[in-house]
Amino acid sequence: MRRSHFFCRMKSMRRKQTLILLLSLCMSTGKSDFAPYFYDNGSGSLSGNMALFSLAEDTAVGTHVYTLNGSDPEGEPVTYGMTFDKGSNQCFSVEPKSGKVTLVEGLDREVQDEIVACVTITDGRNKVVENVRVFITDANDEKPEFLNRPFIVDVPEDTPSGGSIYRVQALDRDIGSGGSVTYYLQERNLHALSFGLQSSSKFTIDGHSGVLRIRAGEALDYELATTHFVTVVAKDGGGKYHGKYQVMTSTAIVTINVLDTQDSPPVFVGTPYFGFVYEVSVPGSEIFTVFAKDGDQTSPNPIHYSILNNSDGFFSINSSSGCISLTSFPVQLRNELYELKVKASEIGPDNRFLDYTVTTVTVRVVDLNNHPPTFYGENGPQNRFELTMYEHPPEGEILRGLKITVNDSDQGANAKFRLLLAGPSRVLRVVPQTVLNEAQVTIIVENSAAIDYEKYQFLTFKLLAVEIDTPERFSATADIVINLLDTNDNAPKFSSEFYIARIPENSPGGSNVVSVTAADPDSGLWGEVKYSIYGSGADLFLIHPTSGIIYTQPWASLDAEVKSKYNFYVKAEDTEGKYSLAEVFVTVLDQNDHRPEFNQNFLEKTMIIGAPVQIQAVDEDAEEPNNIIEYSIMKADPDNIFDINTSTGEIKLKPYIKSLEIMQNITRQKDCRWSVVVQARDRGSPSFSTTAVVNIDITEANGLKGPMAAFLMQSRDNPLKALGLTAAVITVMVLVTVMISTVLYFRNAKSNRITPARRIIRRRAKEQQHWSFRPAFGQSDRNPGRFIADDNDEDTSDKHKRNNSSSRAKPPTPSAPALPPPPPAASRPSECLRAERVSGSSERLRAERVSGSSERLRAERVSGSSERLRAERVSGSSERLRPVPSVSGALSRSSSTDGHKDGISSALVSELKMRIEQKIIEANKGYYY
């Protein structure tokens, strides 16, 4: 007491000291600092200090459940916090600034029904801590749980109906309606069905107490069912879980074992009972033993056996073992069948007879099996039967020539046997198949087609009689032989449905073609075959009526070129008119009897260098290889300059001959006409041939002339070289065109000053002689080096006008100004050669540039300008102006080899000069007009 008093005084002194210290601090600072505080909003509020706050246990984790809310008297910002006791679950988390409380762990009211926590609020200097209790409210999340499982009940079978046999109990840890439990029985017991047992409907249960009873009007029976399975369902009162209303249930199996009581009579085992008395039995022989047992298995009583009646004193039974014995000899038995009534009684503890059961024992007097089955004919026992008949009797017909009887002298089951017929399958059938004691045997035809004389002249069968139910299985056999007679049941049949024959054409009359064969399996005259022939293709053929050899008519002449395929029918017929047909296909083989033929012996062909000419011969033979023709050159003048395609007959020059000049240099001939002897030979054996003389005129294509054409012909074996040169020419042309266009632009700009307009009109010459490059009379295109002058009544511009007016769809090719008379060869050979080389390229360029509706105007302008230039050239100014190339002109072949020496450079220079002159002419057109 003194110590406690001392401590109290010490605490009082400390409090006073603390109070004095606080007062001094307040006085020193000159102002007060109050602690923050929580708002207390009362029960049911979700904002405040969590006082009297409750939360459902099925609230989801992460849910915002509450907001801590408070204030500081000085208006300072506050922060919130929450702590838990050490070792307890931290179910909530708080955001310090907003005070939002979030559930972070799942709740379970059955495990923890309240949560104790400390909530704090602070302004940075003062901190207030309050203890709160959060109450967890219930949700229906628990199933009822049965107690004291498993449920096994032992019930005596004599328990009265309506009696209580067991009480089940289930507990639900929920509160309220979710924790209340009611019971009922499930109608289908899945556990019982899984064991092959039926759920019992003999029971009922009280819904509130769970007391299990035997249903009114029902009783248990150990002898019928020793075990019952009852499924009890416990259901709660329902409630909400996660916002939904649900009812939860649980099931349990109640096993009810039925206990046996002494209420069942004895039961015989192994019924029905049959016994047999044999003719060799003696008195005292055991016939049969019966056995019975008490129906109550738990405490069985001993059994007493006795015979009630129908024994007639011939049978007796042992009262304890149930063995039935014979009391007299079998010959004294008056009946073949006896039915004995045997009684089995229970013996009680006081040797009194209790419940009993009666059964029937059937005793049959049995004969011994000492006689086998035996077959009999008309004269007694017989084991061979023979019959003669025609083949193919009707199906279902009885073989009446066979008279067979079968007999077994035993009695009862010993005289029961089966008849079998062994031999060719499904040909004959025996009736009856099962016999008791004796029967008449009947044999019936089952398959008429199998009874065929052509296959078998006789048929052999085995007739068997075999006992069925006897251990000895006695049997007997008999042979049945059927001799067959032939009928005309077959038509002649060819060895093949069709015959294919081949015969060379031009074969003499009477030549063998093919031999056909038909056979008739019938015997005698029915098997003789006669042949005949008919059909649209049989006019040229005959057949021998007995041998079947087909040969041609004596006057027949076969020609594969006229007809190579024949087909007809042959007929094979027997003496009664039965026949069959076969088709014969005859192919006439082609022989090489025609030689190839040209349409003429002398052929005229014109060959353009680089293109082949073709000759063709025809062979009238019908088939290959007789009509396949191979061509060859037999002789050519000159030699070794032509090749020929052996299959098509195309004749062409050797690959190295690319121009007429090369060919003339090789052959040393100026003539362009050569003769070739060509042979056409077929591939037949022997082979035939025909020759023809082909006169070939060789020319060059009109479009491939001039230096550029010569260069292209030289470089066609090297296309990359030609492609590179073409690219270089195009590049130079573009540069030159740009330069000329620039010069003309500045020139025109300078001349476009404001001056009096001038128009220079020059008259055309009335009659102007034009030059055209056409061959002189008597010369072909092979020699383009010679030209003649041609007078023309109309000028070039008039021709263009008329051509444009006549056809708008296809503009005419513009013509260049006519050339003046050619100068002497010795005066200016280089200028003439240059004009000729430029001619081909200028013609192509001008034709491309002149198009559409401007073509006519340009042609007229070119005509006027060319006339002016030609007039100036005639008057002596030809040295100043270069000659204008002609569109229709052709280059003359120079005797020198300048084309080979100059090559690419001369063609390039000529092309560039031509383009410059063309640009000047076009510029002058615009100036004069």
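If you're wondering where the values come from, they're calculated on a predicted model, not measured in any experiment.

(A) Highlighting the nonpolar core. If you look at the biggest cluster of nonpolar residues, it comprises 29 residues, and the most contacted ones within it are Phe375, Leu399, Val406, Leu419, Leu428, Ile480 and Ile482. Mapped by element, the contributors of at least two residues to this core are strand 33 (384-390), strand 34 (404-407), strand 35 (416-422), strand 36 (428-431), strand 38 (438-445), strand 39 (458-467) and strand 40 (475-485). With 5 residues, the top contributor of residues to this core is strand 40. Other than its neighbours up to four places away in sequence, Leu399 contacts Leu387, Met389, Leu428, Ile443, Val445 and Ile482. One finds Ile651, Ala692, Ile696 and Ile698 within the second-largest nonpolar core, a separate group that totals 27 residues.

(B) How the structure looks around the pattern of salt bridges. As enumerated under the stated definition, the model contains 11 salt bridges in all. With a closest N to O distance of 3.3 Å, Glu110 and Arg109 form a salt bridge. Grouping residues by exposure puts Glu110 and Arg109 together as buried. One network of salt bridges, in which partners are shared, links Arg109, Glu110 and Asp138.

(C) Structural context of the sheet that holds strand 6 (residues 79-84). In space, the 4 strands of this open sheet follow the order 3-10-9-6, with mixed pairing throughout. Every other strand in the sheet has two partners, leaving strand 3 (54-56) and strand 6 as the edge strands with one partner each. Taking the axes of each pair of neighbouring strands and ignoring which way they run, one obtains an average angle of 35° across the sheet. By the bridge criterion, 6 bridges tie strand 6 to strand 9 (residues 114-122) in an arrangement that is antiparallel. Paired with Phe84 across the bridge in strand 9 is Ala117.

(D) Geometry of the sheet that holds strand 23 (residues 273-278). Taken in spatial order, the 4 strands make up an open sheet running 23-30-29-26, and their pairing is mixed. Edge positions in the sheet fall to strand 23 and strand 26 (303-307), since each of these pairs with one other strand and no more. Taking the axes of each pair of neighbouring strands and ignoring which way they run, one obtains an average angle of 30° across the sheet. Two elements, strand 29 (residues 337-347) and strand 30 (residues 353-366), share 10 bridges in a ladder whose sense is antiparallel. Across the sheet, Val342 pairs through a bridge with Thr359, a residue of strand 30.

(E) Expanded view of the packing of aromatic side chains. Per the counting criterion, the structure on display carries 16 aromatic pairs. Where Phe151 meets Tyr166, the ring centres are 5.8 Å apart and the plane angle is 55°; that geometry is what we call tilted. Highlighted residues: Phe151 in strand 12 (residues 151-156) and Tyr166 in strand 13 (residues 164-167), separated in sequence by 15 residues. With relative accessibility at 1%, the residue Phe151 sits in the buried group. Both rings, one in Tyr745 and one in Phe746, keep their centres 5.6 Å apart while their planes meet at 75°; by these two values the pair is edge-to-face. Phe746 shares its class with Tyr745; the two are exposed. Grouped by ring-pair contacts, the aromatic residues Phe146, Phe151 and Tyr166 constitute a single cluster. It is Lys343 that lies over the ring of Tyr356; its NZ or CZ is 4.3 Å from the centre.

(F) View of the environment of Thr357. Mapped onto the elements of the fold, Thr357 is located in strand 30. Expressed as a C-alpha distance, the spacing of Thr357 and Tyr305, which sit 52 residues apart in the sequence, is 9.8 Å. Those residues in contact with Thr357 that lie beyond four places of it in its chain are Pro265, Pro266, Phe268, Val342, Lys343 and Ala344. A polar contact is formed between the side chain of Thr357 and the backbone oxygen of Pro266, at a distance of 2.4 Å.

(G) Representation of a nonpolar patch on the surface within the structure. Taken together, the side chains of Phe274, Phe276, Tyr278 and Val280 make up a nonpolar region of the molecular surface, amounting to roughly 410 Å² of accessible area. Turning to its location among the elements, Phe274 is positioned in strand 23. What makes Phe274 partly exposed here is its relative accessible area of 47%.

(H) Up close: helix 3 (residues 660-667). Listed in full, the buried residues belonging to helix 3 are Leu660, Met663, Gln664 and Thr667. One side of helix 3 carries all its buried residues, which in axial view fall inside an arc of 95°. Buried residues belonging to helix 3 abut strand 55 (642-644), strand 56 (650-653), strand 57 (673-682) and strand 58 (689-699).

(I) Representation of unusual backbone geometry within the structure. For the peptide bond that leads from Arg149 to Pro150, omega is 5°, which places it in the cis range. In this fold, Pro150 is placed in the loop between strand 11 (145-146) and strand 12. For His242, which is not glycine, the phi dihedral falls at a positive 55°. Here His242 is to be found in the loop between strand 19 (239-241) and strand 20 (244-246). Positive phi, close to 65°, is recorded for Asn506, a residue that is not glycine. Mapped onto the fold, Asn506 is located in the loop between strand 42 (498-504) and strand 43 (512-515).

(J) Just the confidence of the model for the chain, in detail. In the predicted model, the chain carries a mean pLDDT of 76, and the fraction of residues at 70 or more is 74%. Put simply, strand 60 (residues 788-790) is where the chain has its lowest mean pLDDT, 35, and strand 47 (residues 549-552) is where it has its highest, 94. Scored below 50 in pLDDT, residues 754-904 makes 180 contacts in the model with residues more than four places away or belonging to other chains.

(K) Broad picture of the environment of Tyr39. Structurally, Tyr39 can be placed in the loop between strand 1 (37-38) and strand 2 (47-48). On the basis of relative accessible area, Tyr39 is assigned to the partly exposed category, the value being 32%. C-alpha of Tyr39 to C-alpha of Leu68: the two residues are 29 residues apart in sequence and 8.5 Å apart in space. What Tyr39 contacts, discounting residues up to four positions off in sequence, is Gly48, Asn49, Asn69, Gly70 and Ser71.

Calculation criteria
Residues numbered from 1 in each chain as written. Predicted model: local features only at pLDDT ≥ 70, side-chain atom pairs only at ≥ 80, totals over all residues. Heavy atoms only, no water. Core = buried A, V, L, I, M, F, W, Y, C linked by side-chain atoms within 4.5 Å. Buried < 20%, exposed > 50% of the residue type's maximum accessible area, 1.4 Å probe, protein only. Helix = DSSP H or I, 4+ residues; strand = E, 2+ residues; numbered from the N terminus. Contact = heavy atoms within 4.5 Å. Salt bridge = Lys/Arg side-chain N within 4 Å of Asp/Glu carboxyl O. Pairing = 2+ DSSP bridges. Axes fitted to C-alpha atoms, helices over the stretch in contact; angles between N-to-C directions. Phe/Tyr/Trp six-rings, centres within 6.5 Å; stacked < 30°, edge-to-face > 60°. Lys NZ or Arg CZ within 6 Å of the ring centre and 35° of its normal. Polar contact = N/O pair within 3.5 Å; in protein donor to acceptor, adjacent residues only side chain to side chain. Patch = residues over 30% accessible without salt bridge, like charges linked within 9 Å, V, L, I, M, F, W, Y side chains within 5 Å. Areas by Shrake-Rupley, 256 points an atom, 1.4 Å probe, with all protein chains shown as cover. Arc of directions from axis to C-beta. pLDDT = per-residue confidence, 0-100.

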